[in-house]
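Architecture at a glance
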Amino acid sequence: MARSLPRFHGQIVTDDSENLHVSTDVLIVGGGPAATWAAVAAAESGASVTLVDKGYVGASGVAATAGVGHWLVPPVPERRDEEISRRERSGGFITDRVWTEAVLDEAWERTALIPEWGYKPSASPRGPGSLFGARPGERSFSGAAPDYLRFLRGKVKKSGVHVLDHSPALELLVDSNGTVSGATGYQRQVKRPWRVDAGAVILATGGTTWKSHSLGGDVNTGEGHLMAVEVGAHLSSMEFSNFYGMVPFGTSMDKNGFFVSASYWDHRGEPIRYHDLHQSRAELLGASLRGTITAQFTQFDKEMWPALRAAMPNFFMVTDKLGIDPFNERFPMDWVQEGTVRGTGGIHVLDYEASTGVPGLYAAGDIAARDRIVGAATGAGGPNLSWAIATGTWAGRAAARYSAKRGLPTSFGGEPSGTLGVRGRGAVHVADTVRSIQSEMLPIDKAVFRSNDGLADSAARLDRLWESASSAPNVEYSGMDAIAQRESAGMLAMGRWAVRTAMARTETRGMHTRTDFPDTDSRQAHRLLSGGLNDIWVQPDTELPRVGITLAAQGSAS
Ligand SMILES: Cc1cc2nc3c(=O)[nH]c(=O)nc-3n(C[C@H](O)[C@H](O)[C@H](O)COP(=O)(O)OP(=O)(O)OC[C@H]3O[C@@H](n4cnc5c(N)ncnc54)[C@H](O)[C@@H]3O)c2cc1C
């Protein structure tokens, strides 16, 4: 029977044991920082908002278990120039100053609200000589991740957002004009399908790790990207999809804050030299292919150890359990593929509304390419979370404006737009497919040390999987099976875009290492767009990077 909720201004059309049908101004898919900031912004703008998450909002996704260090730079020209120039260098000069300024401005303004909303960040403004060495007048925000995400959940609920936990989205709804008009999915705990008709949709489903078991990353499986491309969105920088997190051997504890300036030795005990682990980890990854390497956090003075333990308690819980003292002894380490979570590829957003170019569809956070702010380097250590706040806020406001111009969501007549992995449209054989995709995307020798021959082999194998799944007899699956099918389809699609784009970049830049093209080619100082489902296309982005240094000078600076 239809009923309405007290704080939620949208409408429940049907809510019975078989179905949930909701009508709302803005639908947000995801439940991490990007989704929650988007939800708050859309609600502030007066929209009714429904948010659906695959897991439990506040505990799902990478940020909930990882770190919440934000990139916050005061709006002081010299400080901005210093920070942006640093990111330009590490990002291989394909970043964009104007975009970066806009992201930093928005993150600076929005994080100022957090204490007003009642949250006390565990790290207050940093003083001179503090652990992180920041200067007076700056602001840091790097509290404990579970606290922050739980706080955001509370803020979302207080904003009147209708939250559906454990309710993954499976496909978008599109009206007869091609305007995105909602989505469908499945409620895992109450075991019923849902449909949300909406005036606008924001995708904030995070990056893709190909289920590598990185911390919190197994929910990030790429079906959000697939949904976007199915309705006509494009991708950017998918070749930078191969970021590897460092872990104590045999664990998935990929918190890397202390690893980035540690000391390393190869399997024979010889020291390993490296350049900048934010830009590329190829020196260490290469050494790992020859045998297990060891690490030690030699960079810290003894007085700092207690503070460091307090700053990253979950990392030290793991080392303590293993009986490792990382400050005093070398310990074996390993890698976990984090794909586009700390890599930078994703949906290409067009403007400071985080629009995708598809009417009614917006993308925020890791699902969107972060190449304009970090280029070919990782977005870890702050940029990603500032991007999540900025794009979430932009998307929330813009989606609210867009939906206000449309009529009643239930009148749009949205039709499902899913392709592979959706009931009746080609099945992906889950276990086999996942293993086959992972065997192309996870091994270091394939994903990091790339060559045309190796990439072509991977592309052919992934294409065969796509073709056979597309031509498989339609299988009637539902519920959890449907979710697994769609996740596999997402991972497969992401693998194909990543590999094809890596083939097209015939040079080495940032985290993209080509063994057959070991040099950086100044003629390729552009970003690569891609897209397509059955036939994948890749082409240079005509929007050129805006960096503060000329092409000629880049050679000497890189
Ligand atoms: C170990 C580690 C440490 C990190 N530390 C930092 C740091 O200090 N600073 C920094 O800037 N970045 C850091 N990052 C990166 C940062 O965590 C991410 O950039 C950030 O979480 C992105 O937020 P998001 O909301 O876009 O995605 P996520 O946090 O991944 O959230 C995605 C959400 O979407 C949901 N979802 C997925 N698919 C569906 C679906 N089909 N339907 C509905 N919901 C779906 C998931 O359940 C999840 O809740 C770190 C990453 C790792 C792995």
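In what follows, the structure referred to is the one given above.
Let us look at the structure shown here. Please read all numbers here as calculations on a predicted model, not as lab measurements.

Considering the arrangement of structural elements, one finds arginine 450 in strand S16 (residues 449-450). Of the side chains bearing the opposite charge, glutamate 239 lies closest to the buried arginine 450, which forms no salt bridge; the N-O distance is 7.0 Å. A polar contact of 3.0 Å, which involves the side chain of arginine 450, links it to the backbone oxygen of alanine 447. Every residue in contact with arginine 450, bar those within four places of it in the chain, is listed here: Glu239, Ser241, Asn242, Leu455, Ala502, His512, Thr513, Arg514, Thr515 and Asp516.

A few words on the side chain of aspartate 541. Inspection of the secondary structure assignment puts aspartate 541 in the loop between strand S19 (537-540) and helix H18 (551-557). This buried residue, aspartate 541, is left without a salt bridge; arginine 527 holds the nearest opposite charge, at 4.0 Å. Polar side-chain contacts of aspartate 541 include one of 3.0 Å to the backbone nitrogen of glutamate 543. Ignoring any residue separated from it by four or fewer positions in sequence, one finds aspartate 541 in contact with His348, Arg527, Leu528 and Leu529.

So, on to the environment of histidine 526. If you trace the backbone, histidine 526 turns up in the loop between strand S17 (513-514) and strand S18 (528-531). Once the C-alpha coordinates of histidine 526 and aspartate 541 are considered, the two residues, 15 residues apart in sequence, prove to be 6.6 Å apart. Discounting chain neighbours no more than four positions away, the residues touching histidine 526 are Ile94, Arg505, Pro540, Leu544 and Pro545.

In this section: the pairing of S19. By the bridge criterion, 4 bridges tie S18 to S19 in an arrangement that is antiparallel. The residue of S19 that forms the bridge with leucine 529 is glutamine 539. Once S18 ends, the chain turns through 5 residues before running back antiparallel as S19, passing glycine 532 with a positive phi of about 95 degrees.

Looking now at the packing of helix H1 (residues 33-44) against helix H6 (residues 145-158). Running from N to C, H1 and H6 point in directions that differ by 25 degrees, and their axes come no closer than 9 Å. Taken together, H1 and H6 sit at an angle that is classed as roughly parallel. Remark: the crossing between H1 and H6 carries left-handed chirality. Of the residues in H6, those in contact with Pro33, Thr36, Trp37, Ala39 and Val40 of H1 are Tyr148, Leu149, Leu152, Lys155 and Val156. The residue inventory of the contact of H1 with H6, partitioned by class, reads 8 nonpolar, 1 polar and 1 charged.

Any aromatic ring pair is given by two values, namely how distant the centres are and how the planes are angled relative to each other. Scanning the entire structure with this criterion turns up 21 aromatic pairs. Note on phenylalanine 258 and phenylalanine 316: the rings are 6.0 Å apart at their centroids and 40 degrees apart in plane angle, and the pair reads as tilted. Within this pair, whereas phenylalanine 258 is found in the loop between strand S9 (243-248) and strand S10 (263-265), its partner phenylalanine 316 is found in helix H10 (residues 313-322), the two being separated by 58 residues in sequence. Note on accessibility: phenylalanine 258 and phenylalanine 316 belong to one class, buried. Here the aromatic rings of tryptophan 305 and phenylalanine 327 are separated by 4.9 Å at their centres, their planes lie at 10 degrees, and the arrangement is stacked. Taken as a pair, tryptophan 305 in helix H9 (residues 305-311) and phenylalanine 327 in the loop between H10 and strand S12 (331-338) lie far apart in primary sequence, 22 residues in all. Among the residues examined, tryptophan 305 registers a relative accessible area of 18% and is labelled buried.

What follows is about the site of the ligand. Near the ligand lie 35 residues; those nearest to it are Asp53, Ser60, Gly69, Glu223 and Asp366. Leucine 385 is positioned such that a nitrogen or oxygen atom in its backbone is 2.9 Å from an oxygen atom of the ligand. Out of a free accessible area of 1000 Å², the ligand has 97% covered by protein chains. Sorting the residues of the shell around the ligand by element identifies H1, helix H2 (62-65) and helix H13 (383-404) as the ones contributing at least two each. Tallying contributions element by element places H13 first for the shell around the ligand, with 3 residues. Broken down by class, the residue content of the shell around the ligand amounts to 14 nonpolar, 15 polar and 6 charged.

Cut-offs applied
One numbering rule holds for all chains: residues counted from 1, following each sequence as written. Local features in this predicted model are restricted to residues whose pLDDT is 70 or higher, and side-chain atom pairs enter the listing and the counts only when it is 80 or higher, whereas totals over whole chains, interfaces and linings include all residues. The side-chain values count all of the structure's non-hydrogen atoms but skip hydrogen atoms and water molecules. For the purposes of this entry, the term helix denotes a DSSP run of H or I that reaches at least four residues, the term strand denotes a run of E that reaches at least two, and both are numbered from the N terminus. Only protein chains enter the accessibility calculation, which uses a 1.4 Å probe; a residue whose area is less than 20% of its type maximum is buried, one above 50% is exposed, and one in between is partly exposed. Residues scored as positive are Lys and Arg, those scored as negative are Asp and Glu, and His as well as the terminal groups of each chain are ignored. When a carboxyl oxygen of Asp or Glu is within 4 Å of a side-chain nitrogen of Lys or Arg, the pair counts as a salt bridge. Whenever two N or O atoms come within 3.5 Å, that pair is a polar contact, provided that in protein one can donate a hydrogen and the other can accept it, and provided that, for residues adjacent in sequence, both atoms are side-chain atoms. Pairs of residues are marked as contacts when any of their non-hydrogen atoms sit within 4.5 Å. One requirement defines pairing of two strands: DSSP has to find at least two bridges between them. Only C-alpha atoms enter the line fits that serve as axes; for helices the fit covers just the stretch in contact. Angles between N-to-C directions range over 0 to 180 degrees. The labels follow the angle: roughly parallel below 35 degrees, roughly antiparallel above 145, roughly perpendicular from 65 to 115, and oblique for the rest. Whether a crossing is left-handed or right-handed is set by the direction in which the near helix is turned from the far one by less than a right angle, anticlockwise for left-handed and clockwise for right-handed. Three classes are used, and their members are as follows: Ala, Val, Leu, Ile, Met, Phe, Trp, Tyr, Cys and Pro are nonpolar, Asp, Glu, Lys and Arg are charged, and the others, Gly among them, are polar. In this analysis, rings of Phe, Tyr and Trp, with Trp reduced to its six-membered ring, are considered paired at centre separations within 6.5 Å, and the interplanar angle assigns stacked below 30 degrees, edge-to-face beyond 60, and tilted for intermediate values. Proximity criterion: a residue is near a molecule or strand once any of its heavy atoms comes within 4 Å of it. Values of accessible area rely on a 1.4 Å probe in the Shrake-Rupley scheme; residue burial ignores everything except the protein chains shown.

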